[in-house]
Amino acid sequence: MTPARTFACLSVFLLAACGADPAPEPVEQIIVRQPDTPPAAIAAAAVATAAPTSALIAEGKAAFANCSVCHAVAKGAPHGAGPNLFGIVGKPAGQAAGFAYSDALKTSGIIWTAAELDSFIAGPATKIPGTTMMAGPMADAAKRQAVIAFLESSDAS
Amino acid sequence: MIKLNVNGQAKAVEVDPATPILWVVRENLGMTGTKFGCGIAQCGACTVHLDGKPVRSCSTPISVAEGKSITTIEGIAGEDGTLHRVQQAWIEAQVPQCGYCQSGQIMTATALLAKNPNPTDAQIDAAMAGNVCRCGMYNRIRQAIKAAAGQPVTKETVA
Amino acid sequence: MSKTETGSPEKKGKWTRRAFIGAGVVAGSALVVGVAVRQGNPVNRLNPLLANGKDERLLNAWVKVDADNIVTAVIPHVEMGQGVYTALAQMLADEMDADWNRVRILEAPADMQYVSDSIARDFLAPDLEVPALFEPTVAGGILELAQAMGLQFTGGSYSVRATGQRAMRTAGAAAREMLVAAAASEWQVPAGEISTANSMITHARSGSSAPFSQFALAAAEQSLPARPTLKTPDKYTIMGQPKARHDIPEKVDGSAIFGIDANVPGMKYAAVKAPPVIGATVESMDASTAKTMPGVLQILNMGDFVAVVADGYWQAQQALSSIDTKYSKTEGDGLDQEAIFARYASHLDDAGEDGGDSETEEGDVAKGFADAAVKVEAEYKVPFLAHAAMEPMNCTAWVRDGKCDVWSGHQAPVKARQAAADAAGLPFEDVTYHNAYLGGGFGRRAQGDYIAMATRIAKATGYPVKMIWSREEDTAQDFYRPSATSRFRGGLDKDGRLVSWDNIHTHLFDPKDAPTVPYYKIASHKIRKVEVPMQLRFGPWRSVDHSQHGFFIESFVDELAHAAGKDGYAFRRELLADSPRHLKVLDTAAKMSGWDTPLPDKHGRGIALVPSFGSIVAQVAEVDMSGSKPKVTKVYVAADPGFVINPDGFTAQMESAIAYGLTAALYGDITLASGKVQQSNFHDYPMLRMGEMPAIEVALINGDHQHLGGGGEPGLPPIAPAVTNAIFAATGKRIRELPLAKHDFA
């Protein structure tokens, strides 16, 4: 390999990266309607990612008590009946080493964004048919939001 | 509401009857193994079975499927999860590269073998002509089809 | 690699630590290195990201061992079908003596915490010795690593020869030595008496034996071996073996997730259309019908494209096609393909026999021609080519609350993340990029355009949007392999030996050595270029400039052979007198093909040899010209990439490159009319199909295990000239312009 090649590649590569337009806003934006059913997940996620209050986190921590029967959240703590959820937000589903996931979860391709977590907790078996998670749906949207805020917080990540 | 049978399961979807099967399967039913490649039935990436016959789902409206059974790549393995012999042959021959076209290739190949268990080279060419593989794995596809048919396999590519 | 004369000014000269870090910042990224864990080592910070649980430690950035004795290779490249996950894991696992059946693969995250310039800084810190493989050219090595890994770029057939050879093997060997040192300390025996195999550590004399996992923690406390000892090929157990690819099972049951399969709750779908003339803008749009169509949520004039967002993609596409759009005028509006070639011709005419920018010159070319007994001249042309990856460009984005998530398949995840950050107007750190399998890359997915477009749409809507290009858009808005013209003059002496060579061609992108022929013995030569505006956007296309120069050079060599009254194979043998590796490759291909055996009437054989990306490939093509169009029946391939890590994977790459190159040679032709790309889909930009695929026979040669070449691209450049040379042998018709579909063979 010649040095010329390395630089050429790099410069071609960087050129495109640096030459990106400064992202113009729309010249014209016709909003016909808002999405019919803005999923609660989005709202929940938006709130959850917007610096949740310590009260919300505390509420989530309390609500997580049920979950902690199966799930550890402390860094490095062993898996229980369910996998350790330390730093789960943002991770791909079914990938924690040393835990035997269902095929359904392992192959779901889901990235655990706050929104994904929300819809999963709202109905695990509906969201991922075949999951071996035993817990039933957590119907209370506010509670789900709190649990996710807790999982995202420094207390659990 | 359009009533469907997909991979043996009853489904109902609320869509424009003109919507191609491809988008109903991918977006409404959440099964993404069937791929979008060209939108005009030229590449075969979207191939599914309609009552066992291969169709290009990008160009077949969902209304056509009412009362018929749709089979997608997700539905050809056995109920216990055992892969179809064509899928197994695909792994044996290490067919896929990028893999994007392979759902369609496999659906066309399984339909071919269901209809013609012992195809000749010319019949394989004819049946598979509608499926493009941009990674050019045609020799391995042919080899895998022959292996799945129980024919002696002569490698098209020899190393 | 040691010199750094070329390239842009700020990268000239010696690579100081400061310069390097600067480069990292420019790229919006930096470097991740295979540094083992030790006290105060930055890799400790990576542990929480990649290691799970207390019984597991990263041994270095590329390998981890868990409590179940699973060795995980962290691969800083993307899988687009080239088998890179498997080949790189093989290199690491072999050096580590890992049990191949217990090796797992993880794609490195496109994450600043993982790929951070602070790690690069620490890597270059004076107290950290550099593993032997990075020497003698730390500077060059760093640059190469920065490109191949820090930027997480996959292309240029780099993965195995750069990342694999320089990093994965070193990482594996270092991890092994650290495990051995930990065991030696525990067992109180000399490290030299300990052996490793199948992820087990054994001390035969004392009868001690333990899995890697037992010493993973203690190994992590060991210091990094400054110069881990790499295996010689006779010790390889996993490298060189045709291991099954890890990614194949999920690609036969529909479960593999590609970029287009991203699933974000609440996401909507966008169809887009950009002005058909590159550089034009959207002046106005009439969306009165689209507004009333079912499922439509928003209609956006983004200035440089129009987008419709709807509940479903099909609805978006239907509505988009109802929009009447007016575009701005550009200088390219009236341009057609003939005018572009005429422009090339006039620049080449102006350059004449001595003009243009010199690329290389050796010997007295003028005298060579003056003395030549026979002079040969020829001009060749190739068209623009689109990539036509099976998976059309697509990207899913969600911009909200100062954060951005992006899902796609990209050859350079860190660059994709930067493109999204720029488009969202957010800092890099606030963007999370999720990479999926690529439904073909071929260089197209090294561009950031489609990532930026989706991000801008998502920013405007506020909710998650999956943007999918139609095939028509994918064909018309590509970054193309350039159309090009190349002119040659060659001089033969009275014995038919090649004594002078003059080539001038349009454009030079990359690799810079693509037009050169240092392996051919020619007394004098000069190679020049002219830069000519070509209207369409340039993009690296599988094998990049080699894709055209392979055809130009090997066609002209064949013409010279004919003029010299010599056989194409014999003529090349003479030219390769001082290049034994190349000669062996050529001989192997010729021998496999039975070069001297007769063929039926209207059949022909053609040979071509092109070294590229560190690998030497020769091909002999057999064509049947008895029908109305050429039928390539068989291709014999001999390839020397130094050492073949995975023979089946490498063979598959040869097959794939032949199919890709043959598609282009037979049909590939992107043309302009009134400034617009005329082709739109597979009916007018045809692909090779099953019945047209030649049988292929491949011979692999391990010619130099210390200098590995690439696999993804080198199989492509020889196929077009091998075929056109075979057509000449069969018919006497010399093809000087591609594609073959332009020519009448009836």
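The model shown is predicted, which means the values in this text are computed figures rather than measured ones.

### Quick notes on the overall build of chain B
In step 1: Regarding its fold elements, chain B presents five helices and six strands.
In step 2: Starting at the N terminus and walking to the C terminus, you meet the elements of chain B as β-β-α-β-β-β-α-α-α-α-β.
In step 3: Relative to the globule expectation of 15 Å for 159 residues, the C-alpha radius of gyration of chain B, 16 Å, shows essentially globular dimensions.
In step 4: Dimensions of chain B, computed from the C-alpha atoms along their principal axes, are close to 55 × 30 × 25 Å.
In step 5: Looking at the 159 residues of chain B, the share that counts as buried comes to 58%.
In step 6: A sequence separation of at least 24 residues applies to 53% of the contacts in chain B between residues at least 6 apart.
In step 7: Summed over all atoms, the accessible surface of chain B reaches about 5,900 Å², with 51% contributed by carbon and sulfur.

### With respect to the domain arrangement of chain B
By convention, interface size is frequently given as the accessible area that disappears when the constituent parts associate.
All names here are of chain B.
In step 1: Domain annotation for chain B reports domain 1 (2–75) and domain 2 (85–148).
In step 2: One C-alpha centre belongs to domain 1, the other to domain 2; they are set 20 Å apart.
In step 3: Taken together, the 16 residues of domain 1 in the interface contact 12 residues of domain 2.
In step 4: When the buried surface of domain 1 facing domain 2 is broken down by residue, Lys35, His49 and Ile73 rank first, second and third, together holding 39% of it.
In step 5: On the surface where domain 1 and domain 2 come into contact, there are zero salt bridges.
In step 6: At the junction of domain 1 and domain 2, the tally comes to seven residue pairs in polar contact (both at pLDDT 80 or more).

### What about empty space enclosed by the protein?
Residue and element names in this part refer to chain C.
In step 1: The tally for this structure, following the rule as stated, stands at nine cavities of 30 Å³ or more.
In step 2: If you add up the space inside the largest cavity, you get close to 100 Å³.
In step 3: Taken together, 14 residues make up the lining of the largest cavity; nearest its centre are Leu385, Arg481, Ser547, Ala664 and Leu738.
In step 4: For the lining of the largest cavity, the elements supplying multiple residues, two or more each, are helix 17 (647–666) and helix 18 (719–731).
In step 5: The biggest single contributor to the lining of the largest cavity is helix 17, with three residues.
In step 6: Tallied by class, the residues present in the lining of the largest cavity amount to 10 nonpolar, three polar and one charged.

### As for helix 8 (residues 313–321) of chain C
In step 1: Among all positions in helix 8 of chain C, only Tyr313(C), Trp314(C), Ala316(C), Ala319(C) and Leu320(C) are buried.
In step 2: Of the surrounding elements, those touching the buried residues of helix 8 of chain C are helix 1 (21–28) of chain B together with strand 8 (268–273), strand 10 (296–301), strand 11 (306–310) and strand 18 (465–468) of chain C.

### As for the environment of Ala93(C)
Residues and elements named next belong to chain C.
In step 1: Locating alanine 93 in the fold gives a position in helix 3 (residues 84–96).
In step 2: Put simply, alanine 93 and valine 63 are 30 residues apart on the chain and 9.2 Å apart in space, counted from C-alpha to C-alpha.
In step 3: In contact with alanine 93, other than residues within four places in its own chain, are Ala98, Trp100, Val103 and Ile238.

### Side note on the pairing of strand 23 (residues 615–624) of chain C
All names here are of chain C.
In step 1: Of all 10 residues that make up strand 23, 10 are buried, and the element is covered over most of its length.
In step 2: Burial along strand 23 is two-sided: the face carrying Ser615, Val617, Gln619, Ala621 and Val623 and the face carrying Ile616, Ala618, Val620, Glu622 and Asp624 are both buried.
In step 3: Where strand 22 (residues 603–612) meets strand 23, 10 bridges bridge the pair, whose relative direction is antiparallel. If you follow glycine 606 over to strand 23, its bridge partner there is alanine 621.
In step 4: Counting the residues between successive antiparallel strands, the hairpin from strand 22 to strand 23 contains two residues, one of them, phenylalanine 613, with a positive phi of roughly 50 degrees.
In step 5: Relative to strand 24 (residues 631–640), strand 23 runs antiparallel, the two being bridged by nine bridges. Bridging from a neighbouring strand, glutamine 619 pairs with valine 637 of strand 24.
In step 6: Between strand 23 and strand 24, which pair antiparallel and follow one another directly, the connecting turn spans six residues.

### A look at the sheet that holds strand 14 (residues 374–382) of chain C
Residues and elements named next belong to chain C.
In step 1: Strands sit in the order 13-21-20-19-14 across an open sheet of five strands; the sheet is mixed. With one partner strand each, in any of the chains shown, strand 13 (357–362) and strand 14 form the two edges of the open sheet. Between one strand and the next, the sheet's axes are offset by a mean angle of 10 degrees, whatever the strand orientation.
In step 2: As paired elements, strand 20 (residues 498–506) and strand 21 (residues 524–530) share seven bridges and run parallel to each other. The residue bridging threonine 506 from the neighbouring strand is valine 530, located in strand 21.
In step 3: Sheet contacts for helix 14 (residues 546–563): strand 14, strand 19 (484–492) and strand 20; angle to strand 14, the most-contacted strand, approximately 150 degrees.

### Thoughts on the side chain of Ser543(C)
Residues and elements named next belong to chain C.
In step 1: As for its placement among the helices and strands, serine 543 is situated in the loop between strand 21 and helix 14.
In step 2: Residue class for serine 543 comes out buried when judged on its relative accessible area of 0%.
In step 3: Serine 543 has contacts with Pro511, Phe613, Glu713, Leu716 and Pro717, leaving out every residue within four places of it along the chain.

### Section: the nonpolar core
In step 1: Trp90(B), Met96(C) and Trp501(C) are the most contacted members of the largest nonpolar core, which totals 219 residues.
In step 2: Grouped together as the second largest cluster of nonpolar side chains are 34 residues, Leu426(C), Tyr450(C), Ile451(C) and Trp469(C) included.

### Quick look at the side chain of Glu95(C)
Residue and element names in this part refer to chain C.
In step 1: Within the fold, glutamate 95 resides in helix 3.
In step 2: Among the polar contacts made by the side chain of glutamate 95, one reaches the side chain of arginine 169 at a distance of 2.8 Å.
In step 3: Residue contacts for glutamate 95: discarding those within four places in its chain leaves Arg169, Gly172, Ala173, Arg176, Thr229, Leu230, Lys231 and Met239.

### What to know about the interface of chain B and chain C
In step 1: Taken together, the contact pairs 54 residues of chain B with 60 residues of chain C.
In step 2: Among the residues of chain B in contact with chain C, Gln97(B), Arg134(B) and Tyr138(B) are the three that bury the most area, contributing 18% of the side total.
In step 3: The tally of links from chain B across to chain C stands at four salt bridges.
In step 4: Close ionic contact of Arg140(B) with Glu655(C) constitutes a salt bridge, the shortest N to O distance being 2.9 Å.
In step 5: On the surface where chain B and chain C come into contact, there are 24 residue pairs in polar contact (both at pLDDT 80 or more).
In step 6: Within the residue set of the side of chain B that touches chain C, elements represented by two or more residues are helix 1, helix 2 (85–92), helix 3 (102–115), helix 4 (121–128), helix 5 (138–148) and strand 6 (157–158) of chain B.
In step 7: Top element by residues in the side of chain B that touches chain C is helix 5 of chain B. It accounts for five residues.
In step 8: By residue class, the composition of the side of chain B that touches chain C is 28 nonpolar, 16 polar and 10 charged.

### A word on the pattern of salt bridges
In step 1: Scanning all chains against the criterion turns up 50 salt bridges over all chains.
In step 2: Linking Arg33(A) and Asp311(C) is a salt bridge whose minimum nitrogen-to-oxygen distance equals 2.4 Å. Highlighted residues: Arg33(A) in the loop between strand 1 (28–31) and helix 2 (40–49) and Asp311(C) in the loop between strand 11 and helix 8, drawn from two different chains.
In step 3: Taking relative accessible area as the criterion, Asp311(C) reaches 24% and is therefore assigned partly exposed.
In step 4: A salt bridge links Lys634(C) to Glu697(C); the nearest nitrogen and oxygen atoms lie 3.2 Å apart. You can see Lys634(C) sitting in strand 24 and its partner Glu697(C) sitting in strand 27 (residues 695–700), a full 63 residues away along the chain.
In step 5: What you see here is one network of salt bridges that share partners, running through Asp121(B), Asp125(B), Arg142(B) and Lys146(B).

### Details of the sheet that holds strand 5 (residues 69–71) of chain B
Residue and element names in this part refer to chain B.
In step 1: A sheet is described by the order of its strands in space; here five strands give the open sequence 2-1-5-3-4, paired in mixed fashion. Looking along the sheet, the strands with just one partner apiece sit at the ends: strand 2 (9–13) and strand 4 (53–56). Each adjacent strand pair in this sheet contributes to an overall mean axis angle of 40 degrees, direction not counted.
In step 2: The sheet contact formed by strand 3 (residues 47–50) and strand 5 spans two bridges and is antiparallel.

### Description of the pairing of strand 18 of chain C
Residues and elements named next belong to chain C.
In step 1: Side-chain alternation along strand 18 places Val465 and Met467 on one buried face and Lys466 and Ile468 on a second face that is also buried.
In step 2: Bridging between strand 15 (residues 394–400) and strand 18 involves four bridges; their strand directions are antiparallel. Considered in strand 18, the bridge of cysteine 395 is made with methionine 467.

### Notes on the packing of aromatic side chains
In step 1: All chains considered together, the criterion is met by 24 aromatic pairs over all chains.
In step 2: Both rings, one in Trp112(A) and one in Phe120(A), keep their centres 5.0 Å apart while their planes meet at 45 degrees; by these two values the pair is tilted.
In step 3: Residue classification places Trp112(A) among the buried residues on the basis of a relative accessible area of 5%.
In step 4: By the ring-pair criterion, three or more aromatic residues cluster together here, those being Tyr380(C), Phe488(C), Trp501(C), Phe551(C), Phe552(C) and Phe556(C).
In step 5: Directly above the ring of Tyr437(C) sits Lys251(C), whose terminal nitrogen or CZ lies 4.6 Å from the centroid.

The rules we used
Residues numbered from 1 in each chain as written. Chains lettered and ligands numbered in written order. Predicted model: local features only at pLDDT ≥ 70, side-chain atom pairs only at ≥ 80, totals over all residues. Heavy atoms only, no water. Helix = DSSP H or I, 4+ residues; strand = E, 2+ residues; numbered from the N terminus. Rg over C-alpha atoms; globule rule 2.2 N^0.38 Å. Buried < 20%, exposed > 50% of the residue type's maximum accessible area, 1.4 Å probe, protein only. Contact = heavy atoms within 4.5 Å. Areas by Shrake-Rupley, 256 points an atom, 1.4 Å probe, with all protein chains shown as cover. Domains from an automatic or database assignment. Buried area = accessible area lost by both parts, 1.4 Å probe. Salt bridge = Lys/Arg side-chain N within 4 Å of Asp/Glu carboxyl O. Polar contact = N/O pair within 3.5 Å; in protein donor to acceptor, adjacent residues only side chain to side chain. 1 Å grid on protein atoms, 1.4 Å probe; cavity = no way out; pocket = protein on both sides within 12 Å on 5 of 7 lines; lining within 4 Å. Points joined across faces, edges and corners; volume = space filled by probe spheres on them. Nonpolar A, V, L, I, M, F, W, Y, C, P; charged D, E, K, R; others polar. Pairing = 2+ DSSP bridges. Axes fitted to C-alpha atoms, helices over the stretch in contact; angles between N-to-C directions. Core = buried A, V, L, I, M, F, W, Y, C linked by side-chain atoms within 4.5 Å. Phe/Tyr/Trp six-rings, centres within 6.5 Å; stacked < 30°, edge-to-face > 60°. Lys NZ or Arg CZ within 6 Å of the ring centre and 35° of its normal.

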